[in-house]
Protein chains: 2
Amino acid sequence: MIKDLLLTNSNKIVFLILDGLGDIPNPRFSYLTPLEAAKKPNIDELAVETGILGRITPVDTGITPGSGPGHLSLFGYDPVTYEIGRGVLEVLGLNMDLQDGDLAARANFCTVKNGVVADRRAGRIETKETERLCATIAKAIPEIEGIKVIVRPGKSHRFALIFRGKNLSDKLTDADPHKDNKPLVYSSPKTGEAEFSSTIINNFIKKIMELLKNEKIANGVLLRGFSMKPDMPAFSVNYNLKALAIATYPMYRGIAKVLGMDVKEEPKDYDEMVRILKDNYNSYQFFFMHIKETDTAGEDGNFPAKVDAIEKVDRIVPAIYDLKPQVLVITGDHSTPCPLKGHSWHPVPLLIVTQTGEKDGMAFHEKNCIKGSIGTIYSKQLMSLVLAHGLKLDKYGA
Amino acid sequence: MIKDLLLTNSNKIVFLILDGLGDIPNPRFSYLTPLEAAKKPNIDELAVETGILGRITPVDTGITPGSGPGHLSLFGYDPVTYEIGRGVLEVLGLNMDLQDGDLAARANFCTVKNGVVADRRAGRIETKETERLCATIAKAIPEIEGIKVIVRPGKSHRFALIFRGKNLSDKLTDADPHKDNKPLVYSSPKTGEAEFSSTIINNFIKKIMELLKNEKIANGVLLRGFSMKPDMPAFSVNYNLKALAIATYPMYRGIAKVLGMDVKEEPKDYDEMVRILKDNYNSYQFFFMHIKETDTAGEDGNFPAKVDAIEKVDRIVPAIYDLKPQVLVITGDHSTPCPLKGHSWHPVPLLIVTQTGEKDGMAFHEKNCIKGSIGTIYSKQLMSLVLAHGLKLDKYGA
């Protein structure tokens, strides 16, 4: 429906996404949430004076989303219909250049004894060991049967792979027994079109086994999460908005690229994010700014660090709002409550700063968001609300 | 989606279902609801200290559910997709042993004059008369054409039937004109597969008419609500939870059995329900405890009786919570407001006692539930939220 109602104007929409923002009352900190405890005078002034509050449910009630579904839904894509594969997310997270037709995979170094996977993580070898092994592989196996192989080390025993060439398919089972002390497995095609890819993958694995046979610990590899750039409509086409992503972490720049957003630079800090926003403000209508530190703090269960991250974001908000966006959205892709040390299913607090709202007149935190005029909506519904406040949607029906 | 995300752990989930719990402000009692008026210090302490509140809509906005849809939706079954037939509910309510392939029916004794149903309820004859007539039928017609007939008296003119044998079908029209002073009707097959069943049913009716021809009032029978045990996935398979039902009323034990839950004993009172919970606590992960009295009081329009039932339940709550379930849910299958003297469409108040919630800090009653962090969800969404709080759901997507 949205597509038929789109209007064109130069009004700006800014999404300031604090990853894992949502939290629950923390018994060790007077039952406050980080968003409640943080001193954020700039955000709260906007919230009280011209804000509307609510909550977003990323996937469905009780469902804890990964980063893929979390972000897809923020941008109006149904996260159950559209999927970004695990291999794709991994290569994006390692800042690899994923192209159309590339086959991506996550990989581990592992320990194999007599054809049995004794340790799926090769004793969690150090990152520098993985870097050394990846360099060895890159040098020895630059391609297989005309398919280029790009390898990049991750942390500890992890690395990522891109296979580049014609006729590749991701309809493949994992080359991973998923448990220790099980026989090494190869990848099988799930459909006929993936037979060529499975041959490539399995020959690659055999070559690595030969290459690493004298390594004591990391003498094998496991490949999983085979996936390709998903086939989904571009954000700019869906909403008739030129979109720029500004994110310090590669994975989020990568997700934005998958959605067809522009990524111009790789900012090192929040100030540089604001500078990039300013430099490009006139050339785009939609800006996706991504803050990672709130999620990292939540994953670590570190309440003070999450408070600190929110306060740091608060300091850049005036510079963003001074640009006078028609709509400024501050929310998260999912909750990462400190007490749970991980992503969770809790609805995410949402603030929309807009001149055309109900003006809820409340500071921005989880408890007020329950009472806000937006109510609790699905994340995938957010874009149409935002387009409305951006005065970018025509009337439906006469 | 849920099925792919299930995690296995020993965390316990207890559903304490107060049938017909929801109510509306009562003009004869200071506009309080029974849940507001009841003194329930134990429930409210849990609600305030570690509870989250909300409301559940059993079927859809404005729709008043029967007991079948009410309970199916609580357990995560879409009540529009899945149905428990009226005949099945009737035989379950009379504690009959319904088996796979059995054909169940509700029945009335009626008064027939010259082939016309003069009184569909045979002057609402006394229960003991129905008992006598049922005994007569059971003795005279134990089977028809190889199909076993099991008859059990209900209250007043009502009784229930099970036909047991091969090749039975419930694709049958009612053998009931549904109005007085209409000709007696027989059952017709709706599909070819039901032709054999309709012959059995109609021969049974004819034999009864012959048997009762000298009875003055109750000289005929009406059969309706033909149905069989529905074909639905077992609760334990859906959620990977071993489930035990603890209910004083047969119908609710029966519904639980239809869903594949275990039913070990038939408790006489609330204390015995708690004893059964304790005795079986280590062998199950999910417990469905059913309280009937709140609904009965609502149906009677008896506000003090409903308050009393809630207060009695409050007294057993400490013994339940002392077992330290990960999640304790207190809610109803539907509302039965005293002023309406019947089931209603009003969303049902919901309390979830959990360590991983938003801690709403409010006592448990309808007005606070409107403001709770859960919001108003469909009953069929409750199970995924509960599984989430039970830490039994993995992340969706990478």
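Whatever comes next refers back to the structure up there.
Residues numbered from 1 in each chain as written. Chains lettered and ligands numbered in written order. Predicted model: local features only at pLDDT ≥ 70, side-chain atom pairs only at ≥ 80, totals over all residues. Heavy atoms only, no water.

Turning our eyes to something else, we now look at the packing of aromatic side chains. Given two aromatic rings, their pairing is described by the distance between the two centres and the angle made by the two planes. Scanning all chains against the criterion turns up 26 aromatic pairs over all chains. Here Phe29 of chain B and Phe303 of chain B contribute two aromatic rings whose centre-to-centre distance is 4.0 Å and whose plane-to-plane angle is 5°, an arrangement assigned as stacked. Highlighted residues: Phe29 of chain B in the loop between strand S1 (13–18) and helix H2 (34–37) and Phe303 of chain B in helix H12 (residues 303–321), separated in sequence by 274 residues. Owing to a relative accessible area of 25%, Phe29 of chain B belongs among the partly exposed residues under this scheme. Both rings, one in Tyr281 of chain B and one in Phe287 of chain B, keep their centres 5.4 Å apart while their planes meet at 10°; by these two values the pair is stacked. The class for Phe287 of chain B is buried, based on a relative accessible area of 0%. Each residue in the set Phe15, Phe75, Phe235, Tyr239, Phe286 and Phe288 of chain A is aromatic and connected to the rest through ring pairs, giving one cluster. Above the plane of the ring of Tyr378 of chain B lies Lys380 of chain B, whose end atom (NZ or CZ) is 5.9 Å from the centre. (Phe/Tyr/Trp six-rings, centres within 6.5 Å; stacked < 30°, edge-to-face > 60°. Helix = DSSP H or I, 4+ residues; strand = E, 2+ residues; numbered from the N terminus. Buried < 20%, exposed > 50% of the residue type's maximum accessible area, 1.4 Å probe, protein only. Lys NZ or Arg CZ within 6 Å of the ring centre and 35° of its normal.)

Residues and elements named next belong to chain B. Within the element layout of this structure, Leu184 appears in the loop between strand S8 (182–183) and helix H7 (195–211). Considering only alpha carbons, one finds Leu184 and Val221, 37 residues apart in sequence, at a separation of 9.2 Å. Discounting chain neighbours no more than four positions away, the residues touching Leu184 are Val112, Gly115, Val116, Val117, Met209, Val221 and Leu222. (Contact = heavy atoms within 4.5 Å.)

Another point: the relation of the copies chain A and chain B. The pair of chain copies shares a relation made of a rotation about an axis and a shift along it. When chain A is fitted onto chain B, the two copies agree to an RMSD of 0.1 Å after a turn of 121° and an axial shift of 0.1 Å. Taken together, these values place the two copies in the relation of a three-fold axis. By C-alpha distance to the rotation axis, the residue of chain A lying nearest is Lys371 of chain A, at 4.1 Å. (Least-squares fit on C-alpha atoms with pLDDT ≥ 70 in both.)

With that settled, consider the packing of helix H3 (residues 41–50) of chain B against H12 of chain B. Residue and element names in this part refer to chain B. Interhelical geometry of H3 versus H12 gives an angle of 50° and a closest axis separation of 7 Å. Comparing the axis directions of H3 and H12 gives the class oblique. Facing Pro41, Asn42, Ile43, Leu46 and Thr50 of H3, the residues of H12 in contact are Asp314, Arg315, Val317, Pro318 and Tyr321. When the residues that make up the contact of H3 with H12 are grouped by side-chain class, the tally is six nonpolar, two polar and two charged. (Axes fitted to C-alpha atoms, helices over the stretch in contact; angles between N-to-C directions. Parallel < 35°, antiparallel > 145°, perpendicular 65-115°, else oblique. Nonpolar A, V, L, I, M, F, W, Y, C, P; charged D, E, K, R; others polar.)

Next up on the list: the state of the cysteines. Such a bond, covalent and formed between the sulfur atoms of two cysteines, is termed a disulfide. Inspection of every chain in the model, using the stated rule, returns zero disulfides over all chains. Distance from the sulfur of Cys110 of chain A, which forms no disulfide, to the nearest cysteine sulfur (Cys134 of chain A) is 13 Å. In this structure Cys110 of chain A comes out as buried when scored by relative accessible area, which is 0%. Between Cys369 of chain B, a cysteine without a disulfide, and Cys338 of chain B, which holds the nearest cysteine sulfur, the sulfur-to-sulfur distance is 17 Å. The buried category is assigned to Cys369 of chain B, whose relative accessible area is 0%. (Disulfide = S-S within 2.5 Å.)

For the rest of this paragraph, the subject is the sheet that holds strand S1 (residues 13–18) of chain A. Residue and element names in this part refer to chain A. Taken in spatial order, the seven strands make up an open sheet running S10-S11-S1-S12-S13-S2-S14, and their pairing is mixed. Strands with a single pairing partner mark the edges of an open sheet, and in this sheet they are strand S10 (243–247) and strand S14 (375–378). Direction aside, neighbouring strands of the sheet carry axes that sit 25° apart on average. The sheet contact formed by strand S2 (residues 51–57) and S14 spans four bridges and is parallel. Note on S14: the bridge partner recorded for Thr57 is Tyr378. (Pairing = 2+ DSSP bridges.)

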